[in-house]
Amino acid sequence: MALLGATFGCLLAIWQCPPGLGLPLAPAGFPSPAPAVGQFWHVTDLHLDPTYHITDDHAKVCASSKGINASDPGPFGDVMCDSPYQLILSAFDFIKNSEQEASFMIWTGDSPPHVPVHELSTDRVISVIANMTTTVQSLFPNLQVFPALGNHDYWPQDQLPTFTSKVYSAVANLWKPWLDEEAIRTLRKGGFYSQKVSTNLNLRIISLNTNLYYGPDVVTLNNTDPANQFEWLESTLNISQQNKEKVYIIAHIPVGYLPYSMSTTAMREYYNEKLIDIFRKYSNVIAGQFYGHTHRDSIMVLSDEKGNPINSLFVAPAVTPVKNVLQKQTNNPGVRLFQYHPHDYTLLDMLQYYLNLTDANLKGVANWKLEYILTQTYDIEDLQPKSLYGLAKQFAIPDSKKFIKYYNYFFVSYDSSVICNAKCKAFQVCAIMSLDHNSYVDCLKQYYVKHSL
């Protein structure tokens, strides 16, 4: 593990990144024309493993494989390992050179690697987050970035506190270039914040610390409102409603049910129900929700108590391709670009990009490609809740070709031969359509119990 500590410092020193992409400035005296479509990037789960290196001993390629042999290590990584710096840099280089004009970027957490607790420390976690922050700031000096903390952005992992800490203070300092004083104050205090988008002043980003609601976080056990975040969230949404702002919610751990297991919420069920209640109450203010954590590509639709779709949610796949030894499937690395209406911030489309890791390692070149455009792939009008709900209903049809596509994209085109049986499909469909306990139970009765009889 000495290699892990030693590598942190040198990564910052050796990569001198050129200035990067932001919105081009209009010539003096000429106002910038309003774009027909606004755009922003979403990256998540970078999980840098600074120990990654090619060696004949495959058990020692990376600390994140935890002694398991790497399967086929190459310059851009291996499925048993977290991301080498070269993979992460290739993702950001692709974004920088894509010629896509973006107003901002959201970055939903988890920079450190999946390694045993004793191989990290608070200082090492802060070093990794600092490294990733510096990389982003160097490549995109003119772009506003909105980060959210992940459950691995702490030491020990998952144990994020309800009060100020060394990590909260460190990220508050690191992220100052992107945030105002009030955002930095709440970030330092509880790991969450809200901030207006500088290029879209009627749009507010609310970055939640949903790690406080994560099952393994023993700090928050039996706490009805950890760090008073629920109270703060309601107050912030209420003010946005009064000021006629629209809000994008960003966070690491998503609301709702995990699409790959039965009746399991991503966070503790009590907190999930509480968040769903708040999101329903302010669904007219919230124009979209964006998460990471699962490393997979999925959608969700929040409905009101009557079953009417009222909010669209998106879980982005990871940059890291890591899997554990028991998993057959993993994800190719991915990043995505959202398109929105520049006047009311409704979501219009999403472009998912990916790196075929096997191909990149074989050729020694990271050729990031467009994987799919959401509206075109599924033949829907936009990303509004009604459109996504209609799509989920089409997924539920037996032998749905659209669902077969969706399940392939769930793993970022890692293995096109992957099959989702009736049980698997019921969990997927119900995770998309049913985010609270009662509707999820009803959904399983309809799609799982019925089909398994």
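Going by the structure above, here's the rest.
Model, not experiment: these values are computed from the prediction. (Residues numbered from 1 in each chain as written. Predicted model: local features only at pLDDT ≥ 70, side-chain atom pairs only at ≥ 80, totals over all residues. Heavy atoms only, no water.)

## Thoughts on the nonpolar core
Among soluble globular proteins, nonpolar side chains are generally buried collectively. Membership of the largest hydrophobic core comes to 140 residues, with the highest contact counts inside it found for Phe92, Phe104, Leu233, Tyr248, Phe279 and Val335. No other element matches the eight residues that helix α2 (residues 85–97) contributes to this core. Counting residues in each nonpolar core, the second largest holds five residues, with Tyr52, Val61, Cys62 and Cys81 among its members. (Core = buried A, V, L, I, M, F, W, Y, C linked by side-chain atoms within 4.5 Å. Buried < 20%, exposed > 50% of the residue type's maximum accessible area, 1.4 Å probe, protein only. Helix = DSSP H or I, 4+ residues; strand = E, 2+ residues; numbered from the N terminus.)

## With respect to the state of the cysteines
In a disulfide, the sulfur atoms of two cysteines are covalently bonded to one another. A full pass over the atoms with the stated rule returns three disulfides. There is a disulfide in this structure between Cys62 and Cys81, and the S-S distance comes to 2.0 Å. Disulfide Cys62-Cys81: the torsion about the S-S bond is -80°, which places it as left-handed. One end of the pair, Cys62, is in the loop between β1 (38–43) and α2; the other, Cys81, is in the loop between β1 and α2, with 19 residues separating them in the sequence. Judged by its relative accessible area of 5%, Cys62 falls in the buried class. In this model, Cys430 is linked to Cys443 through a disulfide, with the two sulfur atoms separated by 2.1 Å. (Disulfide = S-S within 2.5 Å.)

## Considerations on the pairing of strand β3 (residues 144–147)
Here β3 shows no split at all, with Gln144 and Phe146 on one side and Val145 and Pro147 on the other all buried. Following the chain from strand β2 (residues 104–107) across helix α3 (residues 122–139) to the adjacent parallel β3, one finds a crossover that is right-handed. (Right-handed = clockwise from strand over helix to strand, strands pointing away.)

## Some details on the sheet that holds strand β10 (residues 334–340)
Here six strands make up an open sheet; going across it, the order is β3-β2-β1-β10-β11-β12 and the pairing mixed. Single-partner strands in this sheet number two, and they are β3 and β12 (369–373). When the angles between neighbouring strand axes are averaged without regard to direction, this sheet yields 25°. Note that β1 and β2 share four bridges and pair parallel. (Pairing = 2+ DSSP bridges. Axes fitted to C-alpha atoms, helices over the stretch in contact; angles between N-to-C directions.)

## Digging into the sheet that holds strand β6 (residues 246–250)
Adjacent strands of a sheet form backbone hydrogen bonds with each other and so pair up, either parallel or antiparallel. A sheet is described by the order of its strands in space; here six strands give the open sequence β4-β5-β6-β7-β9-β8, paired in mixed fashion. Edge positions in the open sheet fall to β4 (193–197) and β8 (298–303), since each of these has one partner strand only. In this sheet, adjacent strand axes meet at a mean angle of 25° when their direction is disregarded. Pairing between β6 and strand β7 (residues 286–291): four bridges, direction parallel.

## Points about the layout of surface pockets
The volume enclosed by the largest pocket comes to roughly 870 Å³. In terms of lining, the largest pocket is formed by 37 residues, of which the most central are Arg296, Val322, Lys323, Asn324 and Gln327. For the lining of the largest pocket, the elements supplying multiple residues, two or more each, are α11 (401–410) and α12 (422–433). Broken down by element, the residue count for the lining of the largest pocket peaks at three residues, all from α12. Its residues assigned to classes, the lining of the largest pocket comprises 17 nonpolar, 15 polar and five charged. (1 Å grid on protein atoms, 1.4 Å probe; cavity = no way out; pocket = protein on both sides within 12 Å on 5 of 7 lines; lining within 4 Å. Points joined across faces, edges and corners; volume = space filled by probe spheres on them. Nonpolar A, V, L, I, M, F, W, Y, C, P; charged D, E, K, R; others polar.)

## Describing empty space enclosed by the protein
Evaluated as defined, the whole model comprises four cavities of 30 Å³ or more. One number sums up the size of the largest cavity: a volume of about 90 Å³. Residue lining of the largest cavity: 15 residues in total, with Tyr257, Pro259, Ser298, Met300 and Val315 positioned closest to the centre. Of all elements in the fold, only β8 and α12 reach the threshold of two or more residues within the lining of the largest cavity.

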